[in-house]
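This is what each chain is made of:
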Amino acid sequence: MAFDRQTIRPVLAEGLADRTTGRAVTADSPVRIASISKLVTALGVMRLVDQGKLDLDRDVSDYLGWRLRNPAFPDRPITLAMLLSHRSSLIDGGELYLIPLGVTLRERLTDPRVWDAQHAPGSDWFHYTNLNFPVIASVMEKVTGERFDVAMSRLVLKPLKLDACFNWGAGCSADAYRRAVVLYRASGEVARDDLRGSPPVCPVFLAQGTSCDLSRYQLGDNGALFSPQGGLRISMRDLAKVGQLLARQGHGLNSRRSYARMVKPVWLFNGSNGLGEDGTASGFFCAYGLAVQRLAGKQARCRDDPFGDGRVRFGHSGDAYGLKSGLWFDPRTGKGLAFFTSAVPDNAPTGRSAFLAVEESVVERAGF
């Protein structure tokens, strides 16, 4: 979907949303959009900041009700700003950001594998980490008194009139299940969301042998349940509406001050001061604000321009379960693109940038 501040127009739709039925994908087919979810979660955080319910620079321990510290740096508080910008010193430790129902965030964070013992919170060290966002979601639950998916529906999805939801929780219509994109791996194996027109039996991650009893869940105990880091289901038409909001500097949802805080990079790549999700310094991430990635960095070793035109763009990328996605806009013109492509092989080659050649192809074929 291409968009500017006033209009949205489909530019490219191809392939099947469901290979079994032969249903074609459309601009209105909701898909698990992966890490663009982080940017949308940040919009909810900033609404709470605008309302005076959250402070980006306050120790999150004050909200959680228990002391959150990196054991190697016990005197260094961790703030929402650090979590949103991947400078908290948390790391994923494999897939330890997936915390099943019945296990608490506090328990998971006692595992030494989720802490970087070499880099202090708030330093100029960036390590892209999914686990930051379950902490953020737990904070949101504590201050709103609502489960994360419910809070996000009230704070962001409903005000923007989006038929979208986190992990098929609050916010999606019954019709969204019928329009859902089934995610396939390159092998053809189903990876996610083979719903067949019905909501999933359980919307959250369960440990083997446990039941899906959400009635006993205590708010704030496990912000990972509805996947704030990657679990948003949203169509490209609705994702373009999020892009329009950002192109309008948050007008209609967030204050201009909050928008400015989100997009201003708090970390810049200098060639050796950060790692991406894959554990490498590939030049994919070169400038990052509060859950907002900036493209077209001029620093040495930056390869973060899939558009290939050197223009600064803001937004976020996504990568999970064979899907690659992007939401990008030019802050000067307001023009942007929301897209996804799926069934991408794990070993797919990069293009002229650190992004995959298939992503660069989508950008080019969309007319950018």
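You'll find the structure just up there.
Remember, it's a predicted structure, so these values are computed and weren't measured experimentally.

Parameters at a glance
- Residues numbered from 1 in each chain as written.
- Predicted model: local features only at pLDDT ≥ 70, side-chain atom pairs only at ≥ 80, totals over all residues.
- Heavy atoms only, no water.
- Helix = DSSP H or I, 4+ residues; strand = E, 2+ residues; numbered from the N terminus.
- Rg over C-alpha atoms; globule rule 2.2 N^0.38 Å.
- Buried < 20%, exposed > 50% of the residue type's maximum accessible area, 1.4 Å probe, protein only.
- Contact = heavy atoms within 4.5 Å.
- Areas by Shrake-Rupley, 256 points an atom, 1.4 Å probe, with all protein chains shown as cover.
- Lys, Arg positive; Asp, Glu negative; His and termini not counted.
- Charge placed at Lys NZ, Arg CZ, Asp CG, Glu CD.
- Axes fitted to C-alpha atoms, helices over the stretch in contact; angles between N-to-C directions.
- Parallel < 35°, antiparallel > 145°, perpendicular 65-115°, else oblique.
- Left-handed = near helix turned anticlockwise from the far one by under 90°.
- Nonpolar A, V, L, I, M, F, W, Y, C, P; charged D, E, K, R; others polar.
- Disulfide = S-S within 2.5 Å.
- Pairing = 2+ DSSP bridges.
- Polar contact = N/O pair within 3.5 Å; in protein donor to acceptor, adjacent residues only side chain to side chain.
- Core = buried A, V, L, I, M, F, W, Y, C linked by side-chain atoms within 4.5 Å.
- Phe/Tyr/Trp six-rings, centres within 6.5 Å; stacked < 30°, edge-to-face > 60°.
- Lys NZ or Arg CZ within 6 Å of the ring centre and 35° of its normal.
- Expected span 1.5 Å × (residues − 1).
- Salt bridge = Lys/Arg side-chain N within 4 Å of Asp/Glu carboxyl O.

Caption draft 1: Seen up close, the overall build of the chain. Looking only at helices and strands, the chain features 10 helices and 17 strands. Scaling as 2.2 N^0.38, a compact globule of 368 residues should have a C-alpha radius of gyration of about 21 Å, and the chain matches this with 19 Å. Across the 368 residues in the chain, those meeting the buried criterion constitute 57%. The contacts in the chain between residues at least 6 apart in sequence include a share of 65% that link residues at least 24 apart. Counting every atom, the chain has about 14900 Å² of accessible surface; 48% of that belongs to carbon and sulfur. Of the side-chain charges in the chain, 46 are positive and 38 negative, and the distance between the mean point of each set is 5 Å.

Caption draft 2: Inspection of the packing of helix α1 (residues 36-50) against helix α9 (residues 256-263) at higher detail. Two elements in contact, α1 and α9, have axes whose closest approach is 10 Å; the angle formed by their N-to-C orientations is 140°. One element, α1, and the other, α9, form an angle in the oblique class. The hand of the α1/α9 crossing is right-handed. Every residue of α9 that contacts α1 at L39, A42, L43, M46 and D50 is listed here: S258, R261 and M262. Classifying every residue of the contact of α1 with α9 by side-chain character gives 5 nonpolar, 1 polar and 2 charged.

Caption draft 3: Up close: the state of the cysteines. Within this structure, the stated rule accounts for 3 disulfides. Through a disulfide, C165 is tied to C172; the S-S separation comes to 2.2 Å. Note on the C165 and C172 pair: the S-S dihedral is about -85°, so by sign convention the disulfide is left-handed. Among the residues examined, C165 registers a relative accessible area of 0% and is labelled buried. A disulfide bridge connects C202 with C212, and the sulfur atoms are separated by 2.1 Å. Here the disulfide of C202 and C212 is right-handed, its torsion about the S-S bond being about 75°. Separated by 10 residues along the polypeptide, C202 in the loop between β9 (190-192) and β10 (232-234) and C212 in the loop between β9 and β10 bring together distant segments of the chain. Looking at the chain, its bonded cysteines, counted consecutively from the start of the sequence, adopt the pairing 1-2, 3-4, 5-6.

Caption draft 4: How the structure looks around the sheet that holds β10. A sheet is described by the order of its strands in space; here 3 strands give the open sequence β5-β10-β7, paired in antiparallel fashion. The open sheet terminates on both sides in strands that have one partner only, identified here as β5 (31-32) and β7 (165-166).

Caption draft 5: Region of interest: the environment of D175. Its location among the elements puts D175 in helix α7 (residues 174-179). Take D175: its relative accessible area is 33%, and that puts it in the partly exposed class. Here the side chain of D175 touches R179 through a polar contact of 2.7 Å, side chain to side chain.

Caption draft 6: Quick look at the nonpolar core. With 106 residues, the main nonpolar core has I33, L43, L68, L84, L109, V156 and V242 as its most contacted residues. Leaving out residues up to four positions away in the same chain, L68 has contacts with V60, S61, I78, L109, W115 and V135. Formed by 7 residues, the second largest nonpolar core is a distinct cluster that contains W168, C172, A176 and Y177.

Caption draft 7: Spotlight on the packing of aromatic side chains. According to the stated counting rule, one finds 13 aromatic pairs in the structure shown. With a centroid separation of 5.4 Å and 50° between ring planes, the pair formed by W168 and Y177 is classed as tilted. Y177 matches W168 in its accessibility class, with the two residues each being buried. Above the ring of Y184, the side-chain terminus of R19 is found at 4.3 Å from the ring centroid.

Caption draft 8: Examining α1 more closely. Taking 1.5 Å as the rise per residue, α1 with 15 residues should run 21 Å; its terminal C-alpha atoms sit 22 Å apart, in good agreement. Extensive coverage of α1 is indicated by the burial of 12 of its 15 residues. The set of residues buried in α1 consists of I36, S37, K38, L39, V40, T41, A42, L43, G44, V45, M46 and L48. Of the residues trailing α1, G52 is marked for its positive phi of about 80°.

Caption draft 9: View of the pairing of strand β16 (residues 323-329). Counting buried positions over the 7 residues of β16 gives 7, a clear majority of the element. Burial along β16 is two-sided: L323, S325, L327 and F329 facing one way and K324, G326 and W328 facing the other are all buried. Relative to β16, strand β15 (residues 314-320) runs antiparallel, the two sharing 7 bridges. Bridging across to β16, S317 finds its partner in G326. Hairpin connection from β15 to β16: 2 residues lie between these consecutive antiparallel strands, with Y321 at a positive phi of about 55°. Here β16 pairs with strand β17 (residues 336-341) via 6 bridges, running antiparallel.

Caption draft 10: Representation of the pairing of β17 in the model. Summarising burial for β17: 6 of the 6 residues are buried, a large majority. Once β16 ends, the chain turns through 6 residues before running back antiparallel as β17, passing G334 with a positive phi of about 80°.

Caption draft 11: Just the pattern of salt bridges, in detail. Per the stated rule, a full pass over the model turns up 19 salt bridges. For R179, the salt bridge identified is with D175, shortest N-O distance 2.7 Å. You can see R179 and its partner D175 sitting in helix α7, 4 residues apart, about one turn around the helix. We classify R179 as partly exposed; its relative accessible area is 23%.

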